[in-house]
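Structural overview for review
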Amino acid sequence: VQLQASGGGLVQAGGSLRLSCAAAGRTFSNYAMGWFRQAPGKEREFVAAISWSGGHTYYADSVKGRFTISRDNAKNMVYLQMNSLKPEDTAVYYCARGTIATRWSADGLWEYDVWGQGTEVTVSS
């Protein structure tokens, strides 16, 4: 499977963006999916995850209440709606596919085995 993230851009603090991740491959709906981000000079960190069915979601404390992860298995798409953006949300955002054993609450990089190329989000103050 291949993942293609899009939707990043420049936005002012307090604004919103919606990231999309398109998955190519027939087994997309069998796996948990996640979003991670990497700010300049920092390690990649977990943002949000969603179960294969979309019925369960899990968020990093730093984005809880502001970001929403969702998926449309019929379209092989995963989304990250980002509201009330802050300058500290500036990063390259990556979507990732879990392994068959990955839980919907997985927040470790090692629990995901397929990664997209990333889309850059810049939040100005």
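For the structure given in this document, a descriptive report is provided here. (Residues numbered from 1 in each chain as written. Predicted model: local features only at pLDDT ≥ 70, side-chain atom pairs only at ≥ 80, totals over all residues. Heavy atoms only, no water.)

1. Quick look at the overall build of the protein
Along the backbone of the protein there are zero helices and eleven strands. Traced from its N-terminal end to its C-terminal end, the protein shows the element sequence β-β-β-β-β-β-β-β-β-β-β. In terms of C-alpha radius of gyration, the protein reaches 13 Å, essentially the compact-globule figure of 14 Å for 125 residues. C-alpha atoms of the protein, sized along the principal axes, occupy 40 × 25 × 25 Å. Counting all 125 residues of the protein, 46% fall into the buried class. Within the protein, residue pairs in contact and separated by at least 24 positions form 58% of the contacts whose partners lie at least 6 positions apart. (Helix = DSSP H or I, 4+ residues; strand = E, 2+ residues; numbered from the N terminus. Rg over C-alpha atoms; globule rule 2.2 N^0.38 Å. Buried < 20%, exposed > 50% of the residue type's maximum accessible area, 1.4 Å probe, protein only. Contact = heavy atoms within 4.5 Å.)

2. A look at the state of the cysteines
Taken as a whole and judged by the stated rule, the model has one disulfide. Note that Cys-21 is cross-linked by a disulfide to Cys-95, the S-S spacing being 2.1 Å. The chirality of the disulfide connecting Cys-21 with Cys-95 is right-handed, given an S-S dihedral of about 65°. Of this pair, Cys-21 sits in strand S3 (residues 17-24) while Cys-95 sits in strand S9 (residues 91-98), and the two are 74 residues apart along the sequence. Cys-95 carries the same exposure label as Cys-21, and that label is buried. (Disulfide = S-S within 2.5 Å.)

3. Details of the pairing of strand S4 (residues 33-38)
S4 sits mainly inside the fold: five of its six residues count as buried. Connecting the antiparallel pair S4 and strand S5 (residues 45-50) is a turn made up of six residues, with Gly-41 showing a positive phi of about 80°. Sheet analysis places S4 next to S9, joined by six bridges and oriented antiparallel. Note that in S9 the partner of Arg-37 across the bridge is Tyr-93. (Pairing = 2+ DSSP bridges.)

4. A word on the sheet that holds strand S7 (residues 67-72)
On the basis of which strands lie adjacent, the open sheet formed by four strands has the order S1-S3-S8-S7 and antiparallel pairing. Unpaired on one side and paired on the other, strand S1 (2-6) and S7 mark the two borders of the sheet. Each adjacent strand pair in this sheet contributes to an overall mean axis angle of 15°, direction not counted. As paired elements, S3 and strand S8 (residues 77-82) share six bridges and run antiparallel to each other. What sits directly across from Cys-21, in S8, is Val-78. (Axes fitted to C-alpha atoms, helices over the stretch in contact; angles between N-to-C directions.)

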